[in-house]
2 protein chains.
Amino acid sequence: MGGDFAPQATLLGAREALDAWPELFLCLVGDEAIIHPALKKYGFAPGLLARIEVVHASQTVVMEDKATCILKLKKDSSIRVAAKLVRDGRAEGVVSMGHTGAAMVASSLVIGKLEGVDRPALASVMPNMKGGPTVLLDVGANVDSRAEHIAQFAVMGSVYAEEVLGIERPRVGILSVGEEDGKGTGVTKEASAMLREMGIRFEGNAEGRDIWNGNFEVIACDGFVGNVVLKSSEALAEGIIGGLRDSFMESALTKFAGLLAKPAMKRFKKKLDYAEYGGAPLLGVKGVSIIGHGRSDARAVRNAIRAALRAAEHRLNERIQERVALLLPQD
Amino acid sequence: MGGDFAPQATLLGAREALDAWPELFLCLVGDEAIIHPALKKYGFAPGLLARIEVVHASQTVVMEDKATCILKLKKDSSIRVAAKLVRDGRAEGVVSMGHTGAAMVASSLVIGKLEGVDRPALASVMPNMKGGPTVLLDVGANVDSRAEHIAQFAVMGSVYAEEVLGIERPRVGILSVGEEDGKGTGVTKEASAMLREMGIRFEGNAEGRDIWNGNFEVIACDGFVGNVVLKSSEALAEGIIGGLRDSFMESALTKFAGLLAKPAMKRFKKKLDYAEYGGAPLLGVKGVSIIGHGRSDARAVRNAIRAALRAAEHRLNERIQERVALLLPQD
């Protein structure tokens, strides 16, 4: 029920996903008085309907709600009901385009933390300038992370990049203020020391520019820094692209130029499109949780479902537990 | 001697500045065997030469040097000699386009800290989407800042925005992960509490997007976060603009479109041009220190000199000391 274009984008994305992956079965959680007519309206074929279960939830979390509203005020909200399906083993993962905070609370508290993980981390999968993805985590769940938390983020991100994004031996870095080992805080240096002897491809410090240049596939950081960088980057990219668009509206001549250049600019914008990677996984919960952007269109919803499906099929959490356990015997 | 285009950009910028501000007197610090012929080559008029003193320095810090090289290995480097002029009262400020770290070390250790300031902070003056400047500090000098440091950064940034950038009652924020007062770390909350009762226009938490949207003129943060955001933003902006440029090179048609749109795009790029605001001031040292981008052209050098001139004329440091002193009686 969540997201700016629900239920249309959600349902059309669900249909695309069912079409694409025959092994997929979906529970659609929300107001059945809305969902059933919509399924008809969008013409879901009987073959697809057979792989859908509609699970009723009487409430919806809206943007104005607090993230914790699902704990008391909105116990029958679609995100909480969906999380319960995962907790009870009726679903392997939950995908939401709604309230990010509520989805994080539902995933962390209703589904629960994965054993061996201290703090779940929200991972943003961002398109880099080499045309591939860079996973930045944590981007919002944790402020004041300790070294062992950041080390766990790095390990979880590495497993996600490998199993879900299909990157072989992803290069992993710790976000810091310089390339050299000596640069950073006590926390980043300690986290680096923990990661040196792990099985992952740890390549030391990453700098701010490395988020975009494609030199790393995974960059781990405290949730405060990650959140600030993510929000700052979204605003900067929108500002630049919007400003350029405005500059094409200046005169008839520039409008004509804009028309000619449109297809090429569209191709470039697609390269930068986060929707390709299908939302942000909340890593470290006992189940799969993918949190999409509120502005997700059908393709973004489809790709978020694909991410959840791959995470389940590749047994992401087992892989994370195996790797995180190796971090434990530090002293 | 520093910067990618020295001595040409430095000297041409110096000439523009001398032309523009008759009250300005410049010491040009560096290898006199290079500077004297260059002054001739660029045709400095006798009237301008009368307002120039060439101060010889036998060494130059290069990019490969460590920031601390000026303390022992390169005691006669141009940046150190220039800082000594300020320490000894022979100049009011130093402007450098060279090695940022070396300029910070020279300013902090040779010129020294301003009384009442715990840590000098590097402030980046960035163009926001409303067409004005936003001052982000600290962007590189301090990791692991305590609350009182961040509060001091906020106060120093506010005074700089007012006195040098000419913004009346600049809006000041503390960078955090949400607008609400409750969002952030212990450090950001404590810093906010310190700023509430000050004479500055403190408006609480700023988010990552507020760096660009023009809702704040000054945003204070720990140097770790500021440095990561700055480097990430530079890379992202370059990536987007470069990617769009490439997409105009795809075909004869798009090349033609690019040609038509060039003037409008140039006007937009100028809006985003950091060179307008003339480099990053290192605030909290006993004198003025402006550190320009290595890629500064003559206009950027001129504007960096203008920033130093205004800071000296407006008695920036006296204003900073008055305001920072009000922060002290906290308990």
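Here the structure is a predicted model, which means the values were calculated and not measured.

Conventions adopted
- Residues numbered from 1 in each chain as written.
- Chains lettered and ligands numbered in written order.
- Predicted model: local features only at pLDDT ≥ 70, side-chain atom pairs only at ≥ 80, totals over all residues.
- Heavy atoms only, no water.
- Helix = DSSP H or I, 4+ residues; strand = E, 2+ residues; numbered from the N terminus.
- Buried < 20%, exposed > 50% of the residue type's maximum accessible area, 1.4 Å probe, protein only.
- Lys, Arg positive; Asp, Glu negative; His and termini not counted.
- Charge placed at Lys NZ, Arg CZ, Asp CG, Glu CD.
- Axes fitted to C-alpha atoms, helices over the stretch in contact; angles between N-to-C directions.
- Left-handed = near helix turned anticlockwise from the far one by under 90°.
- Contact = heavy atoms within 4.5 Å.
- Nonpolar A, V, L, I, M, F, W, Y, C, P; charged D, E, K, R; others polar.
- Pairing = 2+ DSSP bridges.
- Least-squares fit on C-alpha atoms with pLDDT ≥ 70 in both.
- Phe/Tyr/Trp six-rings, centres within 6.5 Å; stacked < 30°, edge-to-face > 60°.
- Lys NZ or Arg CZ within 6 Å of the ring centre and 35° of its normal.
- Buried area = accessible area lost by both parts, 1.4 Å probe.
- Salt bridge = Lys/Arg side-chain N within 4 Å of Asp/Glu carboxyl O.
- Polar contact = N/O pair within 3.5 Å; in protein donor to acceptor, adjacent residues only side chain to side chain.

1. A word on the overall build of chain A
At step 1: Within chain A, the secondary structure is distributed over 12 helices and 10 strands.
At step 2: Considering only C-alpha atoms, chain A reaches an extent of 60 × 60 × 35 Å along its principal axes.
At step 3: Looking at chain A as a whole, 58% of its 331 residues qualify as buried.
At step 4: Of the side chains in chain A, 41 bear a positive and 41 a negative charge, and the two mean positions are spaced by 5 Å.

2. Here we look at the packing of helix H6 (residues 147-163) of chain A against helix H12 (residues 316-327) of chain A
All names here are of chain A.
At step 1: Running from N to C, H6 and H12 cross one another at 145°; their axes reach a closest spacing of 9 Å. The two elements H6 and H12 meet at a crossing, and its hand is right-handed. The segment H6 lies against H12, with Ala-151, Gln-152, Val-155, Met-156, Val-159, Tyr-160, Glu-162 and Glu-163 engaging Leu-316, Arg-319, Ile-320, Arg-323, Val-324 and Leu-327.
At step 2: Taken together, the residues of the contact of H6 with H12 break down into nine nonpolar, one polar and four charged.

3. Here's the deal with the sheet that holds strand S9 (residues 280-283) of chain B
Residue and element names in this part refer to chain B.
At step 1: Here we have eight strands laid out as an open sheet, ordered S3-S10-S9-S4-S5-S8-S6-S7, and mixed in their pairing. Each edge of the sheet is formed by a strand with only one pairing partner; in this case those strands are strand S3 (93-96) and strand S7 (201-206). Pairwise comparison of adjacent strand axes, ignoring direction, gives a mean angle of 25° for this sheet.
At step 2: Strand direction decides the pairing type here: strand S4 (residues 121-127) and strand S5 (residues 133-137), joined by five bridges, are antiparallel. Note on S5: the bridge partner recorded for Ser-124 is Leu-136.
At step 3: Its contacts with the sheet place helix H5 (residues 100-111) against S3, S4, S9 and strand S10 (288-291), and it is angled at close to 175° to S10.

4. Concerning the sheet that holds strand S3 (residues 93-96) of chain A
Each strand in a sheet pairs with another by means of backbone hydrogen bonds, the pair being arranged parallel or else antiparallel.
Residue and element names in this part refer to chain A.
At step 1: The strand order S3-S10-S9-S4-S5-S8-S6-S7 describes an open sheet built from eight strands, whose pairing is mixed. A strand with exactly one partner marks an edge of an open sheet, and here the two such strands are S3 and strand S7 (201-206). Adjacent strand axes in the sheet meet at a mean angle of 25° when their direction is disregarded.
At step 2: For S3 and strand S10 (residues 288-291), the ladder comprises four bridges, and the chain directions are parallel. If you follow Val-94 over to S10, its bridge partner there is Ser-289.

5. Looking at the relation of the copies chain A and chain B
At step 1: The two copies are related by a screw motion: chain A maps onto chain B through a turn of 180° and a shift of 0.0 Å along the axis, at an RMSD of 0.0 Å. In symmetry terms, the pair is related by a two-fold rotation axis. It is A:Ala257 whose C-alpha, among those of chain A, lies nearest the rotation axis, at 2.2 Å.

6. Digging into the packing of aromatic side chains
At step 1: Across all of its chains, the model carries one aromatic pair over all chains by this definition.
At step 2: A ring pair is formed by A:Phe248 and B:Phe248, whose centres lie 6.2 Å apart and whose planes are at 20°; its orientation type is stacked. Of the two residues, A:Phe248 sits in the loop between helix H9 (223-247) and helix H10 (252-271) while B:Phe248 sits in the loop between helix H9 (223-247) and helix H10 (252-271), which places them in two different chains.
At step 3: Between the NZ or CZ atom of A:Arg15 and the centre of the ring of A:Phe44, over which it lies, the distance is 5.9 Å.

7. As for the interface of chain A and chain B
At step 1: Taken together, the contact between chain A and chain B spans 47 residues of the former and 47 residues of the latter.
At step 2: Both faces combined, the contact of chain A with chain B buries some 4,000 Å², and carbon together with sulfur accounts for 79% of it.
At step 3: Three residues, A:Phe224, A:Leu236 and A:Ile240, lead the burial of chain A against chain B; their summed loss comes to 15% of the area buried on that side.
At step 4: Between chain A and chain B we count two salt bridges in total.
At step 5: Residue B:Lys231 is joined to A:Glu207 by a salt bridge in which the shortest nitrogen-to-oxygen separation is 2.3 Å.
At step 6: One can count six residue pairs in polar contact (both at pLDDT 80 or more) joining chain A with chain B.
At step 7: When residues in the side of chain A that touches chain B are grouped by element, the largest group, 18 residues, is from H9(A).
At step 8: Residues belonging to the side of chain A that touches chain B are distributed by class as follows: 26 nonpolar, 15 polar and six charged.

8. Overview of the pattern of salt bridges
At step 1: One pass over the full model with this rule turns up 32 salt bridges over all chains.
At step 2: A:Glu217 is the salt-bridge partner of A:Arg171, the closest N and O atoms lying 2.5 Å from each other. Of this pair, A:Arg171 sits in strand S6 (residues 171-175) while A:Glu217 sits in the loop between helix H8 (210-213) and strand S8 (218-220), and the two are 46 residues apart along the sequence. As far as burial versus exposure is concerned, A:Arg171 and A:Glu217 are alike and both buried.
At step 3: Notably, a salt bridge pairs A:Glu318 with A:Arg315, separated by 3.3 Å at the nearest N-O pair.
At step 4: Residue A:Glu318 is classed as partly exposed on the basis of its relative accessible area of 38%.
At step 5: With a relative accessible area of 47%, A:Arg315 lands in the partly exposed category.
At step 6: One network of salt bridges, with partners in common, ties together A:Glu179, A:Glu207, A:Arg209 and B:Lys231.

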